[in-house]
Amino acid sequence: MLSADREQLDELALRAKHDVNEAHLNIRVCAFNGGQDVWVDIGDKLVGVQALQGYLQCKPEETLHVGDQFLSTGNDIATRRACCTVWVSNPEETDKVLSLLEELSNLEGK
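Predicted model only: the values in this text are computed from it and were never measured. (Residues numbered from 1 in each chain as written. Predicted model: local features only at pLDDT ≥ 70, side-chain atom pairs only at ≥ 80, totals over all residues. Heavy atoms only, no water.)

(A) Inspection of the pattern of salt bridges at higher detail. Within this structure, the stated rule accounts for four salt bridges. Two residues, Asp 10 and Arg 6, come together in a salt bridge whose shortest N-O distance is 4.0 Å. One end of the pair is Asp 10 and the other is Arg 6, both in helix H1 (residues 6-22) and four residues apart, which spans about a single turn. Overall, the relative accessible area of 16% leaves Asp 10 in the buried class. Residues Asp 44 and Arg 28 are paired through a salt bridge, measuring 3.0 Å at the closest nitrogen-oxygen approach. Placement of the pair is Asp 44 in the loop between strand S2 (38-42) and helix H2 (45-56) and Arg 28 in the loop between H1 and strand S1 (29-33), with a sequence separation of 16 residues. (Salt bridge = Lys/Arg side-chain N within 4 Å of Asp/Glu carboxyl O. Helix = DSSP H or I, 4+ residues; strand = E, 2+ residues; numbered from the N terminus. Buried < 20%, exposed > 50% of the residue type's maximum accessible area, 1.4 Å probe, protein only.)

(B) Representation of the nonpolar core. Counting residues in each nonpolar core, the largest one holds five residues, listed as Leu 46, Val 49, Ala 78, Ala 82 and Cys 83. Other than its neighbours up to four places away in sequence, Leu 46 contacts Arg 28, Ala 78, Thr 79, Arg 81 and Ala 82. (Core = buried A, V, L, I, M, F, W, Y, C linked by side-chain atoms within 4.5 Å. Contact = heavy atoms within 4.5 Å.)

(C) Geometry of the environment of Arg 6. In this structure Arg 6 comes out as partly exposed when scored by relative accessible area, which is 41%. Distance from Arg 6 to Asn 33, taken between C-alpha atoms, is 7.6 Å for residues 27 residues apart in sequence. Those residues within four positions of Arg 6 in sequence are excluded, and the remaining contacts are Asn 33 and Leu 71.

(D) Inspection of unusual backbone geometry at higher detail. Phi is positive for His 24, which is not a glycine, with a value near 50°. Within the fold, His 24 resides in the loop between H1 and S1.

(E) Here's a closer look at the environment of Ile 42. Structurally, Ile 42 is set in strand S2. Looking at Ile 42, the relative accessible area reads 67%, which means it is exposed. Separated by twelve residues in sequence, Ile 42 and Cys 30 have C-alpha atoms that sit 6.5 Å apart. Excluding residues within four positions of it along the chain, Ile 42 makes contact with Ile 27, Arg 28 and Val 29.

(F) Representation of H2 within the structure. An ideal rise of 1.5 Å per residue puts 16 Å on twelve residues; H2 measures up with 16 Å between its terminal C-alpha atoms. When we look at burial in H2, the residues that qualify are Leu 46, Val 49 and Gln 53. Each buried residue of H2 lies within a common arc of 65° when the element is viewed along its axis, so the set occupies one face. At its buried positions, H2 is contacted by strand S3 (64-67). For H2, the N-terminal capping position is held by Asp 44, with its side-chain oxygen 3.0 Å away from the main-chain nitrogen of Leu 46. In the segment just after H2, Gln 57 is the residue with positive phi, at about 55°. (Expected span 1.5 Å × (residues − 1). Arc of directions from axis to C-beta. Polar contact = N/O pair within 3.5 Å; in protein donor to acceptor, adjacent residues only side chain to side chain.)

Shown next as structure tokens:
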């Protein structure tokens, strides 16, 4: 099996996004380095966060996105335009962030 290093995967992601944009398809895409491969998603997480904010009737300042791909070739970077964000590097950090948020919400109610 062929393998690629991070820089090669980043280049592939940037090239994929560039090629889709050059095609003038008028669609939002997110091309990102998945660690061992490159993904091209239709839409991006910004669309998802904004849809969820609308559905839950939450303001941007009431929303927090926790993600692990905030580099320019990541799939979480776009969410920074819709809400506050927390950058984590693994599931254990996600668990820790959620635990801290739970503690803070319990303190707020006292």
